[in-house]
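Structural features, examined
As a plain string of letters, each chain reads:
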Amino acid sequence: MKKIFICGESYVGYTVHVKGADSMCTTGYFENVGWLRKALEKAGYEVTYMPSHEALSSFPDTVEKLGEYSAVILSDVGANTLMMTTRSFRSSLPAPDRCRAIREYVENGGGFIMVGGFMSFTGIEGKARYGVTPVADILPVRLLPYDDRVEVSSGAYPHILRPEHPVLKNMPDRWSYFIGYNKTIADDSLGTVLATIGSDPLIAVREVGKGRSAVFTSDCAPHWAPEAFLNSPEYDTLWKNLADWVTRTV
């Protein structure tokens, strides 16, 4: 059974409630990986999941450690989490470059998928920052140097460009709408855009050395992805197809 490593899709929430002259605070920890994890497990993959806060100290930091997996998926976890390791940030000691390890892992034959979110690609207020890391070297699209979120409150529908590609096998011509995505720039010298949203890439793929990479620039969970997509048969089919493609299962 092939193994897939997912990192991200978690956060800690801190809410202030103001009730007249008084206020109170509540906190909570939340994970949104359930839909993606279930789809990949249903497709026959063994999934290892690491929340964002654990990645600070425990994200695999060498090609050898990443090599235990057939594919790595980053979803809504910013580059700072990978670059500002506990060892380097807290103790000012050198630590392996984990973004470079991801690039070398893919070049040596690994699979990689980046999924959209506030902390994916360039991200909200430019904070995800992958464009200044070695991860940008393996992506099939170019990244913006500033906040790349596109919020579409009225909903935007994907447009399929390459229905014959294995990633789009058994997918319908018309999908659910999405409420937003990360804007990236198509570049034929880097990769192939398989589907667009608005005028921008939604799904793009690339051969990188011996490996493969792909992007899905909208979300695998709320808020950009609605329940109509998350609970549809197409959701499971898409993630199976993407995983199969980057792991060379097809």
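Up top is the structure.
Below is a short write-up of the structure. (Residues numbered from 1 in each chain as written. Predicted model: local features only at pLDDT ≥ 70, side-chain atom pairs only at ≥ 80, totals over all residues. Heavy atoms only, no water.)

Among the residues making up helix α1 (residues 34-42), those that are buried are L36, A39 and L40. One side of α1 carries all its buried residues, which in axial view fall inside an arc of 95 degrees. Turned more than 90 degrees away from the buried face of α1, the exposed residues are K38 and K42. At its buried positions, α1 is contacted by β1 (3-8), β4 (46-50), β5 (71-75) and α8 (233-246). One or two positions beyond α1, positive phi appears at G44, with a value near 100 degrees. (Buried < 20%, exposed > 50% of the residue type's maximum accessible area, 1.4 Å probe, protein only. Helix = DSSP H or I, 4+ residues; strand = E, 2+ residues; numbered from the N terminus. Arc of directions from axis to C-beta. Contact = heavy atoms within 4.5 Å.)

The next point concerns the sheet that holds strand β9 (residues 158-160). Here 8 strands make up an open sheet; going across it, the order is β4-β1-β5-β6-β14-β13-β12-β9 and the pairing mixed. Edge positions in the open sheet fall to β4 and β9, since each of these has one partner strand only. Across the sheet, the mean angle from the axis of one strand to that of its neighbour is 20 degrees, orientation sign disregarded. Sheet topology places strand β12 (residues 192-197) next to strand β13 (residues 200-208); 5 bridges connect them, and they run antiparallel. Its bridge partner being in β13, I197 is matched across the sheet by D200. (Pairing = 2+ DSSP bridges. Axes fitted to C-alpha atoms, helices over the stretch in contact; angles between N-to-C directions.)

Close contact between α1 and α8 brings their axes to 9 Å; oriented N to C, the two are set at 65 degrees. By the angle between their axes, α1 is roughly perpendicular relative to α8. Here α1 runs over α8; the crossing is right-handed. Of the residues in α8, those touching α1 at W35, L36, A39, L40 and K42 are Y235, D236, W239 and A243. Looking at the contact of α1 with α8, its residues break down into 7 nonpolar, no polar and 2 charged. (Parallel < 35°, antiparallel > 145°, perpendicular 65-115°, else oblique. Left-handed = near helix turned anticlockwise from the far one by under 90°. Nonpolar A, V, L, I, M, F, W, Y, C, P; charged D, E, K, R; others polar.)

Inspection of the entire model under this criterion finds 12 aromatic pairs. Ring centres of F216 and F229 lie 6.3 Å apart, and the angle between their planes is 15 degrees; on these two criteria the pair is classed as stacked. With F216 in strand β14 (residues 211-216) and F229 in helix α7 (residues 227-230), the pair connects residues that are 13 residues apart, well separated along the chain. Residue classification places F229 among the buried residues on the basis of a relative accessible area of 2%. Among the aromatic side chains, those forming a connected cluster through ring pairs are W175, F178, F216, F229, Y235 and W239. We note R174 situated over the ring of Y157; from NZ or CZ to the ring centre the distance is 4.0 Å. We note R212 situated over the ring of W245; from NZ or CZ to the ring centre the distance is 4.3 Å. (Phe/Tyr/Trp six-rings, centres within 6.5 Å; stacked < 30°, edge-to-face > 60°. Lys NZ or Arg CZ within 6 Å of the ring centre and 35° of its normal.)

Let's shift gears to the pairing of β14. The element β14 is largely enclosed, with a buried count of 6 among its 6 residues. Judged by which residues are buried, β14 turns out to be covered on both faces: G211, S213 and V215 on one side and R212, A214 and F216 on the other are all buried. Where strand β6 (residues 111-115) meets β14, 5 bridges bridge the pair, whose relative direction is parallel. Across the sheet, V115 pairs through a bridge with F216, a residue of β14. Bridge count between β13 and β14: 6 bridges; the pairing is antiparallel. Bridged to V205 within β14 is A214. Count of turn residues in the β13/β14 antiparallel hairpin: 2 residues, of which G209 carries a positive phi of about 60 degrees.

Ranked by size, the top nonpolar core spans 41 residues in total, and within it I6, L40, W175, I203, F216, L238 and W239 carry the most contacts. Take this core: its biggest share by element is 7 residues, from α8. Setting aside its immediate chain neighbours within four residues, W175 contacts Y157, P158, I160, L168, L202, I203, F216 and L238. Within the second largest apolar cluster, 32 residues are counted, among which are A55, F59, L66 and L82. (Core = buried A, V, L, I, M, F, W, Y, C linked by side-chain atoms within 4.5 Å.)

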